[in-house]
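So you can see what is in the structure, the chains are spelled out below.
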Amino acid sequence: MKKPIIKSFDKVILLILGISPMLYACPKYGEPHANYELKGTITNKETSRPIKHIQITTNIRDEYRKDTLYTDSRGQYNYKFWDYLWDRPLHLKFEDIDGEENGGEFITQEMDITFTDADLVQKGKGAWDKGTFVKTKNVELERKN
């Protein structure tokens, strides 16, 4: 009689241990979150002219969740996202992917951006909504030689 109970107990323990990492990684009710907006203009460092079609790659939370956007004809970009509050920087990569088509070939540039309390433009509604953070980051790219 003891053996079937022990075998069943082992399976229950294994099931709990197998599921627990997934439950821990899931968003929890009442976790602080905010709206974020990062915007700016990409220009040629030598001429100060805007550069169109620059690819901007961002990471959210970790290196596996990435977003890609492109500058418009005025060299402007605008990236809006919703996320949980986090204390690590947003990594950005600015890359010329079309060669000479946008006025020259430009050197890839990478940087980290951190949202701070100074970037808060609108307070949130309620205890968990921390509001809207907006940051402007203009970037000058150098031409390749």
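Residues numbered from 1 in each chain as written. Predicted model: local features only at pLDDT ≥ 70, side-chain atom pairs only at ≥ 80, totals over all residues. Heavy atoms only, no water.

### Re the overall build of the chain
Here's step 1: A tally of helices and strands in the chain yields one helix and nine strands.
Here's step 2: Taken from the N to the C terminus, the helices and strands of the chain come in the order α-β-β-β-β-β-β-β-β-β.
Here's step 3: Taking all 145 residues of the chain together, the buried fraction comes to 31%.
Here's step 4: In the chain, 61% of the contacts between residues at least 6 apart in sequence involve partners at least 24 apart. (Helix = DSSP H or I, 4+ residues; strand = E, 2+ residues; numbered from the N terminus. Buried < 20%, exposed > 50% of the residue type's maximum accessible area, 1.4 Å probe, protein only. Contact = heavy atoms within 4.5 Å.)

### Observations concerning the nonpolar core
Here's step 1: Judged by nonpolar contacts, the single largest core of 21 residues is most densely connected at Ile42, Leu92, Phe94 and Leu141.
Here's step 2: When contributions to this core are tallied by element, the ones reaching two or more residues are strand 1 (33-44), strand 2 (54-60), strand 4 (76-84), strand 5 (90-96), strand 6 (109-113) and strand 9 (139-141).
Here's step 3: Looking at which element gives the most residues to this core, the answer is strand 1, with four residues.
Here's step 4: The contact partners of Leu92, leaving out residues within four places of it in the chain, are Leu38, Ile56, Thr57, Thr58, Gln109, Glu110, Met111 and Ile113. (Core = buried A, V, L, I, M, F, W, Y, C linked by side-chain atoms within 4.5 Å.)

### A look at the confidence of the model for the chain
Here's step 1: The share of residues in the chain with pLDDT of 70 or more is 77%, and the mean pLDDT across the chain is 83.
Here's step 2: The least confident element of the chain is helix 1 (residues 2-25), whose mean pLDDT is 63; the most confident is strand 9, at 97. (pLDDT = per-residue confidence, 0-100.)

### Description of the packing of aromatic side chains
Here's step 1: Under the counting rule described, the total for this entry stands at six aromatic pairs.
Here's step 2: Measuring from centroid to centroid gives 6.0 Å for Tyr77 and Phe94, while their planes differ by 65 degrees, and the two rings are edge-to-face. Of the two residues, Tyr77 sits in strand 4 while Phe94 sits in strand 5, which places them 17 residues apart along the sequence.
Here's step 3: The exposure class assigned to Phe94 is buried, which follows from its relative accessible area of 0%.
Here's step 4: These aromatic residues form a ring-pair network of at least three members: Tyr36, Tyr79, Phe81, Phe115 and Phe133. (Phe/Tyr/Trp six-rings, centres within 6.5 Å; stacked < 30°, edge-to-face > 60°.)

### Points about the pattern of salt bridges
Here's step 1: Overall, the coordinates contain four salt bridges when judged by the stated rule.
Here's step 2: With a closest N to O distance of 3.7 Å, Lys45 and Glu142 form a salt bridge. Placement of the pair is Lys45 in the loop between strand 1 and strand 2 and Glu142 in the segment after strand 9, with a sequence separation of 97 residues.
Here's step 3: Judged by its relative accessible area of 41%, Glu142 is partly exposed.
Here's step 4: The partner of Glu95 in a salt bridge is Lys93, and the shortest N-O contact between them spans 3.9 Å. (Salt bridge = Lys/Arg side-chain N within 4 Å of Asp/Glu carboxyl O.)

### Remarks on the environment of Asn44
Here's step 1: Considering the arrangement of structural elements, one finds Asn44 in strand 1.
Here's step 2: With a relative accessible area of 6%, Asn44 lands in the buried category.
Here's step 3: Along the primary structure Asn44 and Gly103 are separated by 59 residues, whereas in three dimensions their C-alpha atoms are 8.9 Å apart.
Here's step 4: Not counting residues within four places of it along the chain, the set of residues in contact with Asn44 comprises Arg49, Ile51, Phe106, Leu141 and Arg143.

### Quick notes on unusual backbone geometry
Here's step 1: A positive phi angle, close to 65 degrees, is found at Ser48, a residue other than glycine.
Here's step 2: Among the structural elements, Ser48 can be located in the loop between strand 1 and strand 2.
Here's step 3: Looking at Ser48, the relative accessible area reads 51%, which means it is exposed.
Here's step 4: The phi dihedral of His53 falls on the positive side, at around 60 degrees, and the residue is not glycine.
Here's step 5: With respect to the helices, strands and loops of the structure, His53 is situated in the loop between strand 1 and strand 2.
Here's step 6: The class of His53 is partly exposed, set by a relative accessible area of 39%.

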